[in-house]
Amino acid sequence: MEVVTTGRVREAVPPAATDLVGALFVAEAARLVSLARFFVDDRTAAEDLVQEAFIRLARSSHRIRDEDRAAAYLRSIVINLARDHNRRGLVSLRHRPPAVPDEPSAEETASVRESRREVVEALRALPRRQRDCVALRYYLELGIDEIASTLGVSPNSVKTHLTRGLRSLAAQLEERR
């Protein structure tokens, strides 16, 4: 049995849960940090949110009946933690720092940054459900059923939010040009 320390509380985690959490960490951690970066600007904060998500998963792993759904559960934890983080006002949502490219020219870098900034600003301006669906679909490349499972909504609801979100994004980006 492994012991997880959260604050002042020490909790025993069963070996099966440790194996599940470890396997999910290897498979999903980097993608979850990338997902969190859509919601928070600070990479360190995104990493902390993902770490907290894994701790929460380990603590509640005894409630997971279907291990195939654990990744979706973990993604929903990350999204909720990111929302809470932003709600507390700890981070500005004005822009998202771009990823470090492979040394393009200064002109290319400026153009890509401006385009990315516009897209992220437009994405952040969408209503919450639309933003969540678009980010999960086009950034993490999840299918409709996986998004529905992650967000706890029906597949038809995901399709509706995606359609409306993409329409709104297109309109916002067209206005800026």
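Draft legend 1. Quick peek at the side chain of D132. Tracing the sequence through the fold places D132 in helix α5 (residues 128–138). Those residues in contact with D132 that lie beyond four places of it in its chain are F39, I79, R83 and L151.

Draft legend 2. Quick look at the packing of α5 against helix α6 (residues 144–151). Across the interface, α5 lies against α6 with an axial gap of 10 Å and an inter-helix angle of 135°. Put simply, α5 runs oblique to α6. α5 and α6 meet at a crossing whose hand is right-handed. Contacts from R129, D132, C133, L136 and R137 of α5 reach α6 at I147, T150 and L151. Split into classes, the residues belonging to the contact of α5 with α6 amount to 4 nonpolar, 1 polar and 3 charged.

Draft legend 3. Seen up close, the environment of V33. With respect to the element layout, V33 can be found in helix α1 (residues 15–37). Once you skip the residues sitting within four places of it in the chain, V33 turns out to touch R43, A46, E47 and V50.

Draft legend 4. Structural view of unusual backbone geometry. Unusually for a residue other than glycine, E141 sits at a positive phi of about 55°. Summarising the element assignment, E141 is placed in the loop between α5 and α6.

Here is what the cut-offs are and how they apply
Sequence positions are assigned chain by chain, starting from 1 and proceeding in written order. Only residues with pLDDT of at least 70 get local features here, since the model is predicted, and only at 80 or more are side-chain atom pairs given and counted; chain-wide, interface and lining totals rely on the full set of residues. To obtain the side-chain values, all non-hydrogen atoms of the structure were used and water was disregarded. Here a strand is any run of E in DSSP of at least two residues, a helix any run of H or I of at least four, and the numbering for each starts at the N terminus. Whether two residues touch is decided by their heavy atoms; if any such pair falls within 4.5 Å, the residues are in contact. Axes, fitted as lines to C-alpha atoms, cover a helix only where it is in contact. Angles between the N-to-C directions of the axes lie from 0 to 180 degrees. By the definition adopted for this analysis, an angle is roughly parallel if under 35 degrees, roughly antiparallel if over 145, roughly perpendicular if from 65 to 115, and oblique otherwise. Take the far helix as your reference; a near helix turned counterclockwise from it by less than a right angle gives a left-handed crossing, and one turned clockwise gives a right-handed crossing. As a working rule, the residues Ala, Val, Leu, Ile, Met, Phe, Trp, Tyr, Cys and Pro are called nonpolar, Asp, Glu, Lys and Arg charged, and the rest polar, with Gly in that last group.

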